[in-house]
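# Observations on the three-dimensional arrangement
So the chains spell out like this:
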Amino acid sequence: MSKRSHVDTEPEDAAQLFRAAVGPLRRLPAQEPPPRRAPPAPRAHMAAADDAAVLDELLHGHFDATAIELGDELLYLRDGHSPRLLKRLRRGEYSVQDEIDLHHLRAVAATELLAAFLADSQRAGYRCIKIIHGKGLRSGQRGPVLKALTAHLLRRRADVIAFASARANQGGSGATLVLLAVR
């Protein structure tokens, strides 16, 4: 009596034995690969870090609204840009794409809201926005706190090219038009 090992079987015999052991086969329906998730939107990590640093400084630093000399009108143009941009902004030649009203807010809340608004406007690709801060008529000795805070924050942001007080029909010195860099 000789024992046959599984090695002794011919490959064809092995395939037949396997088919006989498994039974009849049926084809599976063709499946599409699962849909791939869309990659997350890119984030500018350094811009977020800069915004957080400015916000932290404004919230926990010593911001003194009386330290900034404010006339009735705000004007600012970042170095390296044409004065023509500021002139066009002051004339109201840019259409305002979004606005925010900071009236009746405390400085801390206004700072947080303004920083978020500027970041959202930049992400949306807006070129010109309006910030309504009021004239500070009820601020007493302190002067226009929200107006000074707005000017201070805007000067510190790299994405702000220029800003100027709005024309009389857009809020006058109680509002500021801001020209943002396009990224």
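Presented here is an overview of the structure given in this document.

Rules used in this analysis
- Residues numbered from 1 in each chain as written.
- Predicted model: local features only at pLDDT ≥ 70, side-chain atom pairs only at ≥ 80, totals over all residues.
- Heavy atoms only, no water.
- Helix = DSSP H or I, 4+ residues; strand = E, 2+ residues; numbered from the N terminus.
- Buried < 20%, exposed > 50% of the residue type's maximum accessible area, 1.4 Å probe, protein only.
- Contact = heavy atoms within 4.5 Å.
- Areas by Shrake-Rupley, 256 points an atom, 1.4 Å probe, with all protein chains shown as cover.
- Arc of directions from axis to C-beta.
- Polar contact = N/O pair within 3.5 Å; in protein donor to acceptor, adjacent residues only side chain to side chain.
- Core = buried A, V, L, I, M, F, W, Y, C linked by side-chain atoms within 4.5 Å.
- Pairing = 2+ DSSP bridges.
- Axes fitted to C-alpha atoms, helices over the stretch in contact; angles between N-to-C directions.
- Phe/Tyr/Trp six-rings, centres within 6.5 Å; stacked < 30°, edge-to-face > 60°.
- Expected span 1.5 Å × (residues − 1).

Glancing now at the overall build of the protein. From N to C terminus, the protein includes 5 helices and 5 strands. Reading the helices (α) and strands (β) of the protein from amino to carboxyl end gives α-α-β-α-β-α-β-α-β-β. Within the protein, the proportion of its 183 residues that are buried is 31%. Within the protein, contacts between residues separated by at least 24 positions form 71% of all contacts whose residues are at least 6 apart in sequence. Approximately 13200 Å² of the protein is accessible, and the part contributed by carbon and sulfur atoms is 53%.

This part takes up helix H3 (residues 83-91). Every buried residue belonging to H3 is among Leu85, Leu86 and Leu89, and all of these are buried. Projected onto a plane normal to the axis of H3, the buried residues spread over an arc of 95 degrees and lie on a single side. In H3, those exposed residues whose orientation departs by more than 90 degrees from the buried face are Pro83 and Arg84. Downstream of H3 by one or two residues, Gly92 has phi in the positive range, about 80 degrees.

With that settled, the discussion passes to the side chain of Thr176. Residue placement: Thr176 occurs in strand E5 (residues 175-180). There is a polar contact of 2.7 Å between the side chain of Thr176 and the side chain of His133.

Let us now look at the nonpolar core. Judged by nonpolar contacts, the single largest core of 19 residues is most densely connected at Leu114, Leu118, Ile131, Leu154, Phe163 and Val178. Elements represented by at least two residues in this core include exactly helix H4 (107-124), strand E3 (128-132), helix H5 (145-156), strand E4 (160-165) and E5. Among the elements that take part in this core, H5 stands out by supplying 5 residues, more than any other. In this structure, Ile161, Ala164, Ala175 and Leu179 belong to the second largest nonpolar core, which totals 14 residues.

Taken together, 5 strands build an open sheet; the order of strands is E1-E4-E5-E3-E2 and the sheet is mixed. Single-partner strands in this sheet number two, and they are strand E1 (75-77) and strand E2 (98-101). On average, each strand axis in the sheet is inclined to that of its neighbour by 20 degrees, with strand direction left out of account. Where E2 meets E3, 4 bridges bridge the pair, whose relative direction is parallel. Bridge pairing links Glu99 to Lys130 in E3. Running at roughly 40 degrees to E4, H3 makes contact with E1, E3, E4 and E5 of the sheet.

Turning to unusual backbone geometry, a few remarks are in order. Not every positive phi belongs to a glycine, and His104 is a case in point at roughly 65 degrees. Here His104 shows up in the loop between E2 and H4. Residue classification places His104 among the exposed residues on the basis of a relative accessible area of 70%.

This next bit is on the packing of aromatic side chains. Applying the stated criterion across every chain, the model contains 1 aromatic pair. When the ring of Tyr76 is compared with that of Phe163, the centres are 5.0 Å apart and the planes differ by 25 degrees; the resulting orientation is stacked. Of this pair, Tyr76 sits in strand E1 while Phe163 sits in strand E4, and the two are 87 residues apart along the sequence.

A few words now on the side chain of Gln122. Among the structural elements, Gln122 can be located in helix H4. Classification of Gln122 as buried rests on a relative accessible area of 14%. For Gln122, the residues in contact, after removing those within four places along its chain, are Asp159, Leu180, Ala181 and Arg183.

What follows covers H5. Between its first and last C-alpha, H5 extends 17 Å over 12 residues, near the 16 Å set by a 1.5 Å rise per residue. Of the positions making up H5, those classed as buried are Val145, Leu146, Lys147, Ala148, Leu149, Thr150, Ala151, Leu153 and Leu154.

The analysis is restricted to geometry; functional conclusions fall outside its scope.
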